[in-house]
Amino acid sequence: MALLTPEDLEDLLNKLRQSNETIKASTGKGITEICEEVYGTRPASQKVAIVPITAGNGIIGNFSSSLLAITEYFGLEGYITDHPDITGYHQAVSDGADILLMADDHMFIAHNLKNGKIAANHICTGVIYSEIASRFIHAGSKDVMVIGLGRVGYAGAEHLVKKGFNVYAYDPNTEFMEKAIEELGVNAYDSADHKKFSMVFEATPNANTISEGMITDRCLISTPGIPCALPAELAENGDIDLVMEPLVIGAAAMLYSVF
Ligand code: 2YJ
Ligand code: MG
């Protein structure tokens, strides 16, 4: 899994505003409304504690402060605990925090201590980015392409299947493909079929996974993956809407899923 870098997290709220403009233009709704509709919740003055975690690769510069900025963007009060790890966890619970946000190298979770709900970033990211792709207002069919069937891609593919979309998927890992075909009933994407998609959900840690032959002239590509799935020469095409942002949209979905 790709580890975020401090550079990925620079200027995050500006990136969010830009992404939100693209989301509105291509789906008709903004990220807040989409989260409300997907999870059926709204913020209600919950107090959010962010606990830095030193395990594994340790503290990522800008990570906790980015989570704080996101928390405040959604109108909630938040703070970063004075100490990391267990001491920070103890402080958060003692302070009466409603929601905890914390991540190690493998899991990033939101835990609502008041209602017991817990969210995992990979699931929420898959759900919300695939949901955004599926809302493309210029889509001519219910066909959606999913590229990458790791933890995030699988969660998104599952969400789209449950929503009644016609899901095509590709992952070079044949075990991942077989699992998704068997468990979710997705169609295996075959480039030899020359099928083109106007809705693409991409969740890989690789660059340039989208080729011209896969997409229609006017399309929406929704991807939490860094580096960018869309080759630079295609990104210049003004008819391709690209929603790509490394943290905020997934974190917003996590918060809404535990409200
Ligand atoms: O508290 C810290 O600063 C660190 N322990 C944060 C670690 C953040 N974790 C990751 O970057 C994982 N790869 C999961 C992030 C998922 C974002 N889509
Ligand atoms: Mg990528």
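We now turn to the structure provided with this report. This structure is a prediction, so every number in the text was calculated from the model and none was measured.

1. Here's the deal with the overall build of the protein
So, step 1. Regarding its fold elements, the protein presents 9 helices and 11 strands.
So, step 2. Taken against the 2.2 N^0.38 rule, which gives 18 Å for 259 residues, the C-alpha radius of gyration of the protein at 18 Å falls within 12% of a compact globule.
So, step 3. In terms of overall dimensions, the protein has C-alpha extents of about 60 × 35 × 35 Å along its principal axes.
So, step 4. Put simply, the protein has 259 residues, and 50% of those count as buried.

2. Brief notes about the side chain of Asn112
So, step 1. For Asn112, the position within the fold is in strand β4 (residues 108–112).
So, step 2. Side-chain polar atoms of Asn112 contact the backbone nitrogen of Asn115, separated by 3.2 Å.
So, step 3. Discounting residues that sit within four places of it in the chain, Asn112 has contacts with Asp98, Ile99, Lys117, Val258 and Phe259.

3. Focus: the site of ligand 1
So, step 1. Taken together, 14 residues sit near ligand 1, with Ile53, Ile60, Ala103, Asp104 and Asn121 positioned nearest.
So, step 2. In this structure, Ile60 approaches ligand 1 through a main-chain N or O atom, which is 2.9 Å from an oxygen atom.
So, step 3. The separation between a nitrogen atom of ligand 1 and a polar main-chain atom of Ala103 is 2.8 Å.
So, step 4. Against a free-state accessible area of 490 Å², the protein chains account for coverage of 93% of ligand 1.
So, step 5. Looking at side-chain class alone, the shell around ligand 1 contains 10 nonpolar, 2 polar and 2 charged residues.

4. Focus: the coordination of the magnesium ion (ligand 2)
Put simply, a metal with four donors set out as a tetrahedron has ideal angles of 109.5 degrees, and one with six donors set out as an octahedron has ideal angles of 90 or 180 degrees.
So, step 1. With distances of 2.4 to 2.5 Å, the protein atoms coordinating the magnesium ion (ligand 2) are Asn206 (O) and Pro227 (O). Separated by 21 residues along the polypeptide, Asn206 in the loop between β9 (197–202) and β10 (215–223) and Pro227 in the loop between β10 and α8 (232–235) bring together distant segments of the chain.
So, step 2. Residue classification places Pro227 among the partly exposed positions, given a relative accessible area of 40%.

5. A look at the pattern of salt bridges
So, step 1. A full pass over the atoms with the stated rule returns 10 salt bridges.
So, step 2. Between Glu37 and Lys29 there is a salt bridge, and its shortest N-O distance comes to 2.8 Å.
So, step 3. Look at Glu37 and you get partly exposed, because its relative accessible area is 42%.
So, step 4. Three or more residues are tied together by salt bridges with common partners; here these are Lys29, Glu37, Glu131, Arg135 and Lys163.

6. A few points about the sheet that holds β9
So, step 1. Taken together, 6 strands build an open sheet; the order of strands is β8-β7-β6-β9-β10-β11 and the sheet is parallel. Here the strands that pair on one side only, and so sit at the sheet edges, are β8 (187–188) and β11 (240–244).
So, step 2. Of the strands in this sheet, β10 and β11 touch helix α1 (residues 12–27), which is tilted by about 135° from β11.

7. Here's the deal with the packing of helix α6 (residues 151–162) against helix α7 (residues 174–184)
So, step 1. Contact geometry of α6 with α7 gives a least axis separation of 11 Å together with a crossing angle of 25°. On the basis of their axis angle, the class for α6 and α7 is roughly parallel. Crossing of α6 against α7: the hand is right-handed. For the pair formed by α6 and α7, the contact residues are Tyr154, Ala157, Glu158 and Val161 on the first element and Lys179, Ala180, Glu183 and Leu184 on the second.
So, step 2. Of the residues contributing to the contact of α6 with α7, the split by class is 5 nonpolar, no polar and 3 charged.

8. Quick notes on the packing of aromatic side chains
In this description, an aromatic ring pair is defined by two values, namely the gap between the centres and the angle between the planes.
So, step 1. Going through the model one piece at a time under the given rule, you end up with 6 aromatic pairs.
So, step 2. Summarising the aromatic geometry, the rings of Phe63 and Phe108 are spaced 5.4 Å apart at their centres and angled 65° between planes, so their arrangement reads as edge-to-face. Here Phe108 lies in strand β4 and Phe63 lies in helix α3 (residues 63–73), a separation of 45 residues in the sequence. Each member of the pair, Phe63 as well as Phe108, is classed as buried.

Rules and cut-offs
- Residues numbered from 1 in each chain as written.
- Chains lettered and ligands numbered in written order.
- Predicted model: local features only at pLDDT ≥ 70, side-chain atom pairs only at ≥ 80, totals over all residues.
- Heavy atoms only, no water.
- Helix = DSSP H or I, 4+ residues; strand = E, 2+ residues; numbered from the N terminus.
- Rg over C-alpha atoms; globule rule 2.2 N^0.38 Å.
- Buried < 20%, exposed > 50% of the residue type's maximum accessible area, 1.4 Å probe, protein only.
- Polar contact = N/O pair within 3.5 Å; in protein donor to acceptor, adjacent residues only side chain to side chain.
- Contact = heavy atoms within 4.5 Å.
- Near = heavy atom within 4 Å.
- Areas by Shrake-Rupley, 256 points an atom, 1.4 Å probe, with all protein chains shown as cover.
- Nonpolar A, V, L, I, M, F, W, Y, C, P; charged D, E, K, R; others polar.
- Donors = N, O, S within 2.8 Å, 3.2 Å for Na, K, Ca; no water.
- Salt bridge = Lys/Arg side-chain N within 4 Å of Asp/Glu carboxyl O.
- Pairing = 2+ DSSP bridges.
- Axes fitted to C-alpha atoms, helices over the stretch in contact; angles between N-to-C directions.
- Parallel < 35°, antiparallel > 145°, perpendicular 65-115°, else oblique.
- Left-handed = near helix turned anticlockwise from the far one by under 90°.
- Phe/Tyr/Trp six-rings, centres within 6.5 Å; stacked < 30°, edge-to-face > 60°.

Shape is all these values report; function is a separate question.
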